[in-house]
Amino acid sequence: MVAVLRVVACGSVDDGKSTLIGRLLAATGGADDDRLDYARETRRGGSTVAAGEVDYSLLTDGLEAEHEQGITIDVAHLFMDLPSGRRVIVADAPGHEQYTRNMAVAASTADVAVLLVDATKGVREQTRRHLAICALMGVPSVIAAVNKLDAAGWDRPVFETLAAEVRSAADGFGMRADVIPASALGGDNVAEPSENLPWYDGPTLLEALTAWEPGPAPGEGYRLPVQYVIRADGFRGFAGTVFGGPVSPGDPVRAGGTTSRIERLLAPGGAGLDRAAPGTAVTVTLADDVDVRRGDLLAPPGDGPSPATAFSVTLIWTAGEPLRNGRSYLLRVGGRTVPAVVTAVRDRLDVVSGEKLAARTLDLNDIGTVELTTDSPVRLDAYRKSRHTGSLLLVDRVTKETVAAGMVRHALRRGRNVAPHAYTVDREARQRLKGQHARVVWLTGLPGAGKSTLANTLERRLHGRGLHTYVLDGENVRGGLNRDLGFTPQGRAENVRRVAEVARILVDAGLVVVVALVSPYRTDRAAARALFADGDFTEVWVDTPPEECARRDPRGLYAEAKAGRLPNLTGHGQPYEPPDHPDLVVDGTSPADEAADAVCALLGL
């Protein structure tokens, strides 16, 4: 028997999750007298609980806003002990669609999902979405409680119809669901059998949880993501939590591309261990001096995942702004953070039908399959093999907001077969030959701001001083390398990404590169900057008033946009996000020579 059972209570809004979990808390002694007295004496607006009776939902909804609105907003973690003695941690997940991200977090560690279905409203879209998330998060078991059956007159056909619908939906996601009739408000079939259900001879919800046992554990080897490298006098250890299988001193280990052996296992207090079971926090030392860093993964040789830079991933998109193809995000897994780019959106899951539909983007709460690449190799398991080392987060580079939770499907072959080759003649050698410091000057601003004019003036100035230069102009690049890209936010993100990669190659060649590109979004410009070392990237905002850009209109774009024939013009139909902290701001209405002088002064030329 597992020591702790993790349960996520989920379902659509107002299906009665909080009341049902409150009933279980009270029945198992998880609510003390003070809390019960509070729930007996307190009433919130719209409550139908009679005076003097316990409002069990108040035992779980802890936020003031939850009490006021009668809904669950944040995930409430509650503790109880089953009659068998097993400890239970219940995550009461919110039912509103806008809080889907909270529910996904709660499901990520659950052993059992208790899915609530309102007998008067049936299986709704959010019910199916939560079921889909449970399936994606690898929740092993689902117990569906058809709640509020008292409002349906304890009608057996109503229950059987809903039970069949729940089982069918679960089957579509590759899951098995046990269905139980209940009334959380009256306590029927929650902890005790109910006289109102003479036609039902199955277990109560409490009995079903008590009887639950995990299936056979997969025969996987241990995983130890390194959270911290401990250095002391003559000591170097690697701290983390063991997942998967157990680990013992003497076990072989693959770390940092090198094979070694576990020399010692130490508990948090420093005591030696003969064996560490999954879930144990340990510090390990290795028999050999191996370069291991925070974020690395220790695993048995031949069993752990191989380093890769491309993956197929299932994402739950949690940001209000849609996913943009080609945009760079930060990928966080364990203690490691690396830049990553979503290179393709393959499909979107229809949570009602269970079908996968063609898609080019993902919106808030969408679930879909994408392909992404990372700037450097990472070791990720398939999620079906390890929930701990096969999951990831995507984070916006500018706002630092978590925009998606991901489950790795598999590493792509191209991500394993590509390795950089080091050449003797490197960037430093090329710079010395040219007698210059290679760098990129990134000019951003509205269409018509004067970026190309400044780029031309600046390059002439640099060329006259004997520097080796090249200009990457947005119009010129779109005539060749990027001719396949449109002007949607996704197309613009990919345009910036490609130009930045070309600029990086040219900087490696020892050149001073001038980029003249609208590049309207801060996130895309931040991703471009991240490709370069400190001091190698200078962002210059060519600040020209929109009305002046429209007056100049060198290619007639503003006139086309005003006539409604050009919907995607930056500054007229699409936003331009000015840099928050540019290295230099130049006045686009001033002579280009003055702006070029300011850039040269900034570069120390």
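Overview of the structure. (Residues numbered from 1 in each chain as written. Predicted model: local features only at pLDDT ≥ 70, side-chain atom pairs only at ≥ 80, totals over all residues. Heavy atoms only, no water.)

**A closer look at the overall build of the protein chain**
Move 1: The helix and strand tally for the protein chain stands at 16 helices and 27 strands.
Move 2: In terms of principal-axis extent, the alpha carbons of the protein chain reach across some 95 × 70 × 40 Å.
Move 3: Across the 605 residues that make up the protein chain, the buried fraction comes to 51%.
Move 4: Across the protein chain, contacts joining residues at least 24 apart in sequence account for 70% of those joining residues at least 6 apart. (Helix = DSSP H or I, 4+ residues; strand = E, 2+ residues; numbered from the N terminus. Buried < 20%, exposed > 50% of the residue type's maximum accessible area, 1.4 Å probe, protein only. Contact = heavy atoms within 4.5 Å.)

**Things to note about the nonpolar core**
Move 1: One finds Val-7, Leu-20, Leu-24, Leu-131, Ile-133, Met-137 and Leu-209 to be the most contacted residues of the largest nonpolar core, which totals 79 residues.
Move 2: In this structure, Leu-209 is in contact with Leu-5, Val-7, Leu-24, Leu-82, Arg-86, Val-112, Val-114 and Ile-143, ignoring residues within four places of it in sequence.
Move 3: Val-512, Ala-516, Val-542 and Leu-569 belong to the second-largest nonpolar core, a separate cluster that totals 28 residues. (Core = buried A, V, L, I, M, F, W, Y, C linked by side-chain atoms within 4.5 Å.)

**Section: the pattern of salt bridges**
Move 1: Taken as a whole, this structure holds 34 salt bridges when the rule is applied.
Move 2: In this structure, Asp-303 and Lys-385 form a salt bridge, with 3.5 Å as the shortest nitrogen-oxygen distance. One end of the pair, Asp-303, is in the loop between β13 (297–298) and β14 (308–317); the other, Lys-385, is in the loop between β18 (367–378) and β19 (391–395), and 82 residues separate them in sequence.
Move 3: Glu-577 is the partner of Arg-522 in a salt bridge, and the nearest nitrogen-oxygen pair spans 4.0 Å. Taken together, the residues span a long stretch of sequence, with Arg-522 in helix α13 (residues 522–530) and Glu-577 in the loop between β26 (573–574) and β27 (584–587) at a distance of 55 residues.
Move 4: A relative accessible area of 24% places Glu-577 in the partly exposed class. (Salt bridge = Lys/Arg side-chain N within 4 Å of Asp/Glu carboxyl O.)

**Regarding helix α10 (residues 451–464)**
Move 1: Look at α10: 20 Å from first C-alpha to last across 14 residues, which is about the 20 Å you get at 1.5 Å a residue.
Move 2: Along α10, the positions that sit buried rather than exposed are Lys-451, Leu-454, Ala-455, Thr-457, Leu-458, Arg-461 and Leu-462.
Move 3: Close packing links the buried residues of α10 with β21 (439–444), β22 (469–473), β23 (512–516), β24 (537–543), β27 and α16 (592–603).
Move 4: Gly-466 occupies a position one or two residues after α10 and carries a positive phi of about 85°. (Expected span 1.5 Å × (residues − 1).)

**Examining empty space enclosed by the protein**
Move 1: Within the structure shown, the criterion is met by 1 cavity of 30 Å³ or more.
Move 2: Of the voids in this model, the largest cavity is the one considered here, and its volume is about 30 Å³.
Move 3: Lining the largest cavity, in full, are Leu-115, Val-123, Thr-127, Arg-128, Leu-131, Val-166 and Ala-169.
Move 4: Every element with two or more residues in the lining of the largest cavity is listed here: α5 (125–136) and α6 (156–172).
Move 5: The residue makeup of the lining of the largest cavity, split by class, is 5 nonpolar, 1 polar and 1 charged. (1 Å grid on protein atoms, 1.4 Å probe; cavity = no way out; pocket = protein on both sides within 12 Å on 5 of 7 lines; lining within 4 Å. Points joined across faces, edges and corners; volume = space filled by probe spheres on them. Nonpolar A, V, L, I, M, F, W, Y, C, P; charged D, E, K, R; others polar.)

**Some words on the packing of aromatic side chains**
Move 1: Applying the stated criterion to the full structure yields 4 aromatic pairs.
Move 2: Between Trp-317 and Tyr-329, the ring centres sit 5.9 Å apart and the planes meet at 75°, which makes this aromatic pair edge-to-face. Taken as a pair, Trp-317 in strand β14 and Tyr-329 in strand β15 (residues 328–333) lie far apart in primary sequence, 12 residues in all. Neither residue differs from the other here; Trp-317 and Tyr-329 are each classed as buried.
Move 3: Among the aromatic residues, those joined into a cluster by ring pairs are Trp-442, Phe-532 and Phe-537.
Move 4: Across the ring face of Tyr-521, the terminal group of Arg-324 is positioned such that the distance to the ring centre comes to 4.2 Å.
Move 5: The positively charged end of Arg-478 is found above the aromatic ring belonging to Phe-487, 3.9 Å away from the centroid. (Phe/Tyr/Trp six-rings, centres within 6.5 Å; stacked < 30°, edge-to-face > 60°. Lys NZ or Arg CZ within 6 Å of the ring centre and 35° of its normal.)

**Brief notes about the environment of Ser-452**
Move 1: On the secondary structure map, Ser-452 appears in helix α10.
Move 2: Setting aside residues up to four positions removed in sequence, Ser-452 forms contacts with Asp-473 and Ala-516.

**Some words on the layout of surface pockets**
Move 1: Each pocket or cavity is described by its volume, and for the second largest pocket that value is around 1,100 Å³.
Move 2: Contributions of two or more residues to the lining of the second largest pocket are made by β14, β16 (336–349), β18, α8 (413–416), α9 (427–434), α12 (489–508) and α13.
Move 3: With 9 residues, α12 is the largest single contributor of residues to the lining of the second largest pocket.
Move 4: Of the residues that constitute the lining of the second largest pocket, the class distribution is 20 nonpolar, 9 polar and 14 charged.

**Here's the deal with unusual backbone geometry**
Move 1: For Trp-154, which is not glycine, the phi torsion reads 55° and is therefore positive.
Move 2: Tracing the backbone through its elements, the reader meets Trp-154 in the loop between β5 (141–147) and α6.
Move 3: In this structure Trp-154 comes out as buried when scored by relative accessible area, which is 18%.
Move 4: Positive phi values are uncommon outside glycine, yet Asn-365 reaches one of about 70°.
Move 5: For Asn-365, the position within the fold is in the loop between β17 (356–357) and β18.

**Let's talk about α13**
Move 1: Inspection of α13 places Thr-523, Asp-524, Arg-525, Ala-527 and Ala-528 among the buried residues, and these make up the whole buried set.
Move 2: Residues of α13 that are buried sit in contact with β15, β21, α12 and β24.

**A few points about the environment of Leu-462**
Move 1: In this fold, Leu-462 is placed in helix α10.
Move 2: Taking the C-alpha atoms as reference points, Leu-462 and Ala-596, 134 residues apart in sequence, are found 9.5 Å from one another.
Move 3: Those residues in contact with Leu-462 that sit more than four places away from it in its chain are Leu-467, Thr-469, Val-512, Cys-600 and Leu-605.

**Focus: the pairing of strand β6 (residues 177–181)**
Move 1: With respect to burial, β6 is a largely interior element, 4 of its 5 residues being buried.
Move 2: Assessed by its sense of winding, the connection that carries the chain from β5 through α6 to β6 is right-handed. (Right-handed = clockwise from strand over helix to strand, strands pointing away.)

**What to know about the pairing of β19**
Move 1: As defined by bridge partners, β15 adjoins β19 across 3 bridges and the pair is classed as antiparallel. By the bridge assignment for β19, Arg-332 is matched with Leu-393.
Move 2: With 5 bridges connecting them, β19 and strand β20 (residues 402–411) associate as antiparallel partners. Opposite Leu-392, over in β20, you have Gly-406 as the bridge partner.
Move 3: The antiparallel pairing of β19 with β20 creates a hairpin that spans 6 residues between the two strands, and Lys-400 there sits at a positive phi of about 65°. (Pairing = 2+ DSSP bridges.)

**Quick notes on the sheet that holds β5**
Move 1: Within the open sheet, the 6 strands sit side by side as β2-β3-β1-β4-β5-β6. Their pairing is mixed. Two strands bound the open sheet, and with one partner strand each, they are β2 (76–81) and β6. For this sheet, the mean angle separating the axes of adjacent strands, direction not counted, is 25°.
Move 2: Note that strand β4 (residues 112–118) and β5 share 7 bridges and pair parallel. Paired with Ala-113 across the two strands is Val-142, which belongs to β5.
Move 3: Sheet strands touched by helix α1 (residues 17–27): β1 (4–11), β2, β3 (87–92) and β4. Its angle to β2, the strand with the most contacts, is close to 30°.
Move 4: Across the sheet, α6 lies against β4, β5 and β6, angled at about 160° from β6, the strand it touches most. (Axes fitted to C-alpha atoms, helices over the stretch in contact; angles between N-to-C directions.)

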